[in-house]
Amino acid sequence: MTELKPHAAHWGAFTAVVEKGRLTGTRPFPGDPNPPALLASMPDAVHAPTRIDRPYARAGWLAGDRRGGTPRGGERFVPLDWDEAVRLVAEEVARVREAHGPASIFGGSYGWASAGRFHHARSQLHRLLASAGGFTGQVTTYSYAAGQTLLPHIVGSNAMIEGPVVEWRDIVAHAKLMLCFGGLLLRNGQITAGGAGRHEMASWIERATRAGVKLVNISPVRGDMPDFAGAEWLPIRPGTDTALMLAMAHVLISEGRADTVFLARCTVGFAPLRAYVLGETDGIAKTPEWAAVETGIAADRIAALARACVAQPTMLTASWSLQRAERGEQPFWMLVALAAMLGQIGRPGCGFSFGHGSMNGMGMARSEIPSLSLPALPNPAQSWIPVARITELLERPSEEYDYNGHHLRFPDTRLMWWAGGNPLHHHQDLNRLLRAWARVDTVVVSEPWWNSLARHADIVLPATTTLERNDIGSAARDRFVLAMHQAVPKFAQARDEFDYMADIADALGVRDRFTQQRDVPAWLRAIYGRCRDNAVRMGIDLPDFDTFWEMGAVEIPPPERAAVPFEAFVRNPAAARLNTPSGRIELFSETIAGFGYDDCPGHPVWFAPREYLGARLAARFRLHLLTGQPATRLHSQLDQGRVSLASKVGGREPILLHPDDAAARGVREGDIVRVFNDRGACLAGVRIEAGLLRGVAVMSTGAWLDPLVPGEPGSLCVHGNVNVLTQDVGTSRLGQGPSAHSCLVEVERWPGDVPAVTAHRAPEIG
Ligand SMILES: Nc1nc2c(c(=O)[nH]1)N[C@H]1C(S)=C(S)[C@@H](COP(=O)(O)OP(=O)(O)OC[C@H]3O[C@@H](n4cnc5c(=O)[nH]c(N)nc54)[C@H](O)[C@@H]3O)O[C@H]1N2
Ligand SMILES: Nc1nc2c(c(=O)[nH]1)N[C@H]1C(S)=C(S)[C@@H](COP(=O)(O)OP(=O)(O)OC[C@H]3O[C@@H](n4cnc5c(=O)[nH]c(N)nc54)[C@H](O)[C@@H]3O)O[C@H]1N2
Ligand SMILES: [Mo]
């Protein structure tokens, strides 16, 4: 008998097709103009041979080995009963809390987990640890840490990343030119955090193109813009967008084209920026000729681009990738400055925003009602780190560091618990992280799958997948609230986070604080009810819970008129002040200047990155490796699915090489190569791609780490996890964001036999 169940994932809402208790396929959400290809991988993941069937503990850990003992990742696991696992985890939480204080429990657990706002693993873990006395958390995101720390200082909020951004319907109606730094990437448009009912990026690009909006793809990769957009491609050296924008500013200033009226009314700090652009402060005029050397874009093209922007309604957008790089604050700040000089901020379809090509839903029409979520509990430990400083946290207990004007001290971490995030996927310089990993007493991992993270744990708790539980999907960038019906029975002894965490809370004496005496059905009704109450306050009627659950989805109608960011402010800057110290857009920030950071001064500047094609290191490692998001998965999720597997070359993660770069190394399509630098090495399968700037190589994130010698940091990853290559350095002391996109490597053909990939098999137990 075939059953159909409404459900949702970060890659979209769908109907689960279930036969004899197994997920056999999916049907796209009705009305989704562009259902993502990733849905096809779901049955492979839910029923994967790597599902964790019961709790386990590392043999050495059970024998009493803590820091400095046998290596994690290279040792056998021993099966546990749930009762024992619950007791061991509760005892370890209590021991560390009492002996070292709650801040020694690291429970930041950054990561996407799955859609479904109630069973969101990270939110559940935070509630448990907050109930039990507190933990060290993480602030900001891998996605846009540098941007989200900077923007409140200079425009008063994060809205230009988190929404509402300039809406597509206004771009279509009003813009004539749209500069897309980092392109508009359809592959990234498959994803919305929390799940989405509509995938609209492709249709909006089509409509903009038909309406005559001229799109310019400013990116090292031609494929960062769909062919149908007929866009001009300006290949730019990675990490040099700030130089390009500064040179455009130079043209506007030196030709008297900057909008001085707008600058005077709506900004502060233009004078010092102007002096810097003209070279009055450092003796280097940021001319198009100067920028041509850094960016690889011809000087006359840069000048023409700047003039074109003043001559017509222009929209500037940058992908989040630009700030996931050394000094990633600078391109975002300079984009704001450039938009201010064009004077079009606050007009419909013009100005600036970030991420139109980074994720589905950016620029989509929606009502800004507070999204549906599991309420958080206050964290009594009041301890946190900037998200990407995880390795330093472990390496440098009690040492000091700077972040966004705070002078902070790393806590001394004894227990680490991850639920719903995979640092051995997402963090940079994984060999360094694995060395630091040895310094904690205990690592607890909640995971549905035997991925790299679970394999490097001391205690493994088997989680259900989203298809094994009832939940509600909702995304801040989407118009739908989605019912997620349990579609298949729970796998083996896997349990829902809420369920086993309630038992751990019980063992710690805090069950009621954690559960608030609700069971799952009561929680689902409560969080839906809260969302419904919020909607009513805004004049929007949502059906009652039972009707919603029966319908499978409800749509929250968008406002008729698009939101125009900065409209009120630009109309009357004195009355509608921005939430900045000056009330205006800050091209110079006294606050940031006051922090005294040499890596992020008071106005946007050009820093030559340590790793880019213009650096001295590029004599040894001659390729700039871009490690963006995978078309075939969500980060490391679904890597064992058919869509991802079909994309592998010789079973390895593909590396895209320019034909000339491949020829110079005697490498051909389909070859297996070793990709390496001083930090590490992995294997990859070659694909030749002409649409790259020469010297740029591309490999996606998310291939499961597969060390040749498990448990030995530095070992060759035979599968192609890019984060053994990327550098782990904060964007600056301001944002302390990840710098994944600043990475130089070299490539050589792998001679002889190729070691087998074992990442997608369950480890041997016993
Ligand atoms: N080199 C490089 N690295 C990057 C980036 C880059 O551009 N370049 N991008 C960065 C960015 S923007 C991000 S957001 C991060 C993403 O990093 P993550 O969010 O850590 O990546 P995911 O693979 O989505 O990890 C989610 C984990 O949750 C698990 N999971 C799913 N559902 C459940 C559940 O119900 N319960 C439990 N317990 N676990 C569950 C999955 O199996 C998976 O292991 O990566 C970052 N890393
Ligand atoms: N299919 C899929 N989609 C996803 C995700 C996924 O895992 N899979 N992850 C989601 C998440 S969590 C996030 S945060 C977003 C991330 O969205 P983004 O940060 O926008 O994505 P990236 O893929 O890192 O980079 C996009 C493009 O930027 C270009 N680029 C890199 N460096 C530079 C540079 O210095 N200058 C210029 N001009 N271009 C550069 C690269 O060619 C790359 O293809 O994607 C989301 N969408
Ligand atoms: Mo992200």
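Residues numbered from 1 in each chain as written. Chains lettered and ligands numbered in written order. Predicted model: local features only at pLDDT ≥ 70, side-chain atom pairs only at ≥ 80, totals over all residues. Heavy atoms only, no water.

Participant: Please explain the site of ligand 2 as it appears in this structure.
Facilitator: Taken together, 32 residues lie near ligand 2, and R187, D224, G239, D241 and R324 sit nearest. When grouped by side-chain class, the residues that make up the shell around ligand 2 number 14 nonpolar, 13 polar and five charged. A domain-level breakdown of the shell around ligand 2 finds at least three residues from each of domain 2 (145–367 + 563–595) and domain 3 (616–749). (Near = heavy atom within 4 Å. Nonpolar A, V, L, I, M, F, W, Y, C, P; charged D, E, K, R; others polar. Domains from an automatic or database assignment.)

Participant: Where do I start with the sheet that holds strand 10 (residues 232–234) in this structure?
Facilitator: Backbone-to-backbone hydrogen bonds join strands into a sheet, with any given pair of strands oriented parallel or antiparallel. A sheet is described by the order of its strands in space; here five strands give the open sequence 10-9-8-12-13, paired in parallel fashion. Single-partner strands in this sheet number two, and they are strand 10 and strand 13 (351–354). With strand direction ignored, the average angle separating the axes of adjacent strands in the sheet is 20°. For strand 8 (residues 177–181) and strand 12 (residues 314–318), the ladder comprises five bridges, and the chain directions are parallel. Bridged to L179 within strand 12 is L316. (Pairing = 2+ DSSP bridges. Helix = DSSP H or I, 4+ residues; strand = E, 2+ residues; numbered from the N terminus. Axes fitted to C-alpha atoms, helices over the stretch in contact; angles between N-to-C directions.)

Participant: What am I meant to see in the domain arrangement of the protein chain here?
Facilitator: You'll often see interface size given as the accessible area lost when the parts meet. In terms of domains, the protein chain is made up of domain 1 (56–142 + 380–475 + 489–543), domain 2 (145–367 + 563–595) and domain 3 (616–749). With centres defined by C-alpha atoms, the gap from domain 1 to domain 2 works out at 37 Å. If you look at the interface, domain 1 gives 13 residues, while domain 2 gives 14 residues. A per-residue breakdown of the area domain 1 buries against domain 2 is headed by W112, N404 and A475, which together make up 45% of the total. Connecting domain 1 to domain 2 are zero salt bridges. The interface formed by domain 1 and domain 2 includes six residue pairs in polar contact (both at pLDDT 80 or more). In terms of residue class, the side of domain 1 that touches domain 2 is built from six nonpolar, six polar and one charged. (Contact = heavy atoms within 4.5 Å. Buried area = accessible area lost by both parts, 1.4 Å probe. Salt bridge = Lys/Arg side-chain N within 4 Å of Asp/Glu carboxyl O. Polar contact = N/O pair within 3.5 Å; in protein donor to acceptor, adjacent residues only side chain to side chain.)

Participant: Whenever I open this one, the packing of helix 9 (residues 241–254) against helix 14 (residues 329–342) confuses me. Can you help?
Facilitator: How two helices pack is summed up by the angle between their axes together with the distance between the axes. Packing of helix 9 against helix 14 brings their axes to within 9 Å, and their N-to-C directions diverge by 20°. Judged by the angle between their axes, helix 9 and helix 14 are roughly parallel. The two elements helix 9 and helix 14 meet at a crossing, and its hand is left-handed. Taking contact as the criterion, the partners of T242, M245, L246, M248, A249, L252 and I253 in helix 9 are, on helix 14, Q330, P331, M334, L335, L338, M341 and L342. Across the contact of helix 9 with helix 14, the residue classes tally to twelve nonpolar, two polar and no charged. (Parallel < 35°, antiparallel > 145°, perpendicular 65-115°, else oblique. Left-handed = near helix turned anticlockwise from the far one by under 90°.)

Participant: Quick question: what am I supposed to make of the environment of T731 here?
Facilitator: Locating T731 in the fold gives a position in the loop between strand 28 (696–698) and strand 29 (744–749). Apart from the residues lying within four places of it in its own chain, the contact partners of T731 are A146, Q323, A325, E326, R327, G328, E329, Q736, G737, P738 and S739. From its side chain, T731 meets the backbone nitrogen of Q736 in a polar contact 3.5 Å long.

Participant: I tried to follow the packing of aromatic side chains on my own but got confused; where do I start?
Facilitator: Enumeration over the complete set of coordinates arrives at 25 aromatic pairs. Summarising the aromatic geometry, the rings of F332 and F354 are spaced 3.9 Å apart at their centres and angled 15° between planes, so their arrangement reads as stacked. With F332 in helix 14 and F354 in strand 13, the pair connects residues that are 22 residues apart, well separated along the chain. Relative accessible area serves as the criterion here: at 0%, F354 is assigned to the buried category. Relative to W549, the ring of F545 has its centre 5.7 Å away and its plane inclined at 15°; by these criteria the two rings are stacked. Note that F545 and W549 are positioned in helix 22 (residues 545–551) at a spacing of four residues, about one turn of the helix. Of the two residues, F545 and W549, neither departs from the other in class, the shared state being buried. Sitting above the plane of the W82 ring, R495 keeps its charged end 4.9 Å from the centroid. Note that R674 overlies the ring of F676, its terminal NZ or CZ placed 4.2 Å from the centroid. (Phe/Tyr/Trp six-rings, centres within 6.5 Å; stacked < 30°, edge-to-face > 60°. Buried < 20%, exposed > 50% of the residue type's maximum accessible area, 1.4 Å probe, protein only. Lys NZ or Arg CZ within 6 Å of the ring centre and 35° of its normal.)

Participant: Teacher, can you tell me more about the packing of helix 9 against helix 13 (residues 299–311) here?
Facilitator: Contact geometry for helix 9 and helix 13: axes closest at 9 Å, N-to-C directions at 65°. By the angle between their axes, helix 9 is roughly perpendicular relative to helix 13. Of the two possible hands of crossing, helix 9 and helix 13 adopt the one that is right-handed. On the side of helix 9, the interface is formed by L244, A247, M248, V251 and L252, while helix 13 contributes I302, A303, L305, A306, R307, C309 and V310. Across the contact of helix 9 with helix 13, the residue classes break down as eleven nonpolar, no polar and one charged.

Participant: Sorry, what's going on with the sheet that holds strand 20 (residues 471–474) here?
Facilitator: Pairing in this open sheet of three strands is antiparallel, and the strands run 20-21-22 from one edge to the other. Strands at the two margins of the open sheet, each flanked by one partner only, are strand 20 and strand 22 (553–555). Mean inter-strand twist for the sheet, computed between neighbouring axes without regard to direction, equals 15°. Relative to strand 22, strand 21 (residues 480–484) runs antiparallel, the two being bridged by three bridges.

Participant: Please explain the site of ligand 1 as it appears in this structure.
Facilitator: The local shell around ligand 1 holds 35 residues, among which H426, E447, R469, E497 and S636 are the closest. Interatomic distance of 2.7 Å between a side-chain N/O atom of N723 and a nitrogen atom of ligand 1. Mapped onto the shell around ligand 1, the elements with two or more residues apiece are helix 16 (423–426) and strand 18 (442–447). Tallied by class, the residues present in the shell around ligand 1 amount to ten nonpolar, 21 polar and four charged. Counting contributing residues, the shell around ligand 1 receives three or more from each of domain 1 (56–142 + 380–475 + 489–543) and domain 3 (616–749).

Participant: What's the story with the environment of P375 in this structure? I'm lost.
Facilitator: Following the sequence through the fold, P375 ends up in the loop between strand 13 and strand 14 (383–386). Those residues within four positions of P375 in sequence are excluded, and the remaining contacts are R127, W523, I527 and R530.

Participant: Could you clarify how one ought to interpret the pattern of salt bridges in this entry?
Facilitator: A side chain with one charge may pair with a side chain of the opposite charge, provided their charged atoms come close. Within the structure shown, the criterion is met by 51 salt bridges. R257 is the salt-bridge partner of E255, the closest N and O atoms lying 2.6 Å from each other. Assessed through its relative accessible area of 35%, R257 is described here as partly exposed. Across the pair K490 and D496 runs a salt bridge, and its minimum N-O distance is 3.1 Å. Given the relative accessible area of 8%, D496 is considered buried.

Participant: Even after reading the chapter, I still don't get the nonpolar core, so can you show me in this structure?
Facilitator: A general feature of soluble globular proteins is that nonpolar side chains tend to end up buried together. Counting 167 residues, the largest nonpolar core has L179, F352, F354, I655 and V675 as its most contacted members. If you tally residues by element for this core, the top one is helix 14, at eleven residues. In this view, L179 contacts V216, I218, M248, L305, C309, M315, L316 and T317; residues no more than four positions away in its chain are not counted. With 57 residues, the next largest nonpolar core counts W61, W82, C531 and V554 among its residues. (Core = buried A, V, L, I, M, F, W, Y, C linked by side-chain atoms within 4.5 Å.)

Participant: Can you walk me through helix 8 (residues 201–210) in this structure?
Facilitator: An α-helix turns once every 3.6 residues. As a result, residues three or four positions apart point the same way. M201, A202, W204, I205 and A208 are the residues of helix 8 that are buried. One face of helix 8 carries all of its buried residues, which in axial projection span an arc of 165°. Tucked into the core, helix 8 has its buried residues touching helix 7 (168–174) and strand 9 (214–218). A positive backbone phi angle near 90° is found at G212, which sits one or two residues after helix 8. (Arc of directions from axis to C-beta.)

Participant: Help me understand the side chain of S739 in this model?
Facilitator: Position of S739 among the secondary structure elements: in the loop between strand 28 and strand 29. Within polar-contact distance, the side chain of S739 engages the backbone oxygen of V729 at 2.7 Å. Among residues more than four places away in sequence, those in contact with S739 are R324, A325, E326, Q727, V729, G730 and T731.

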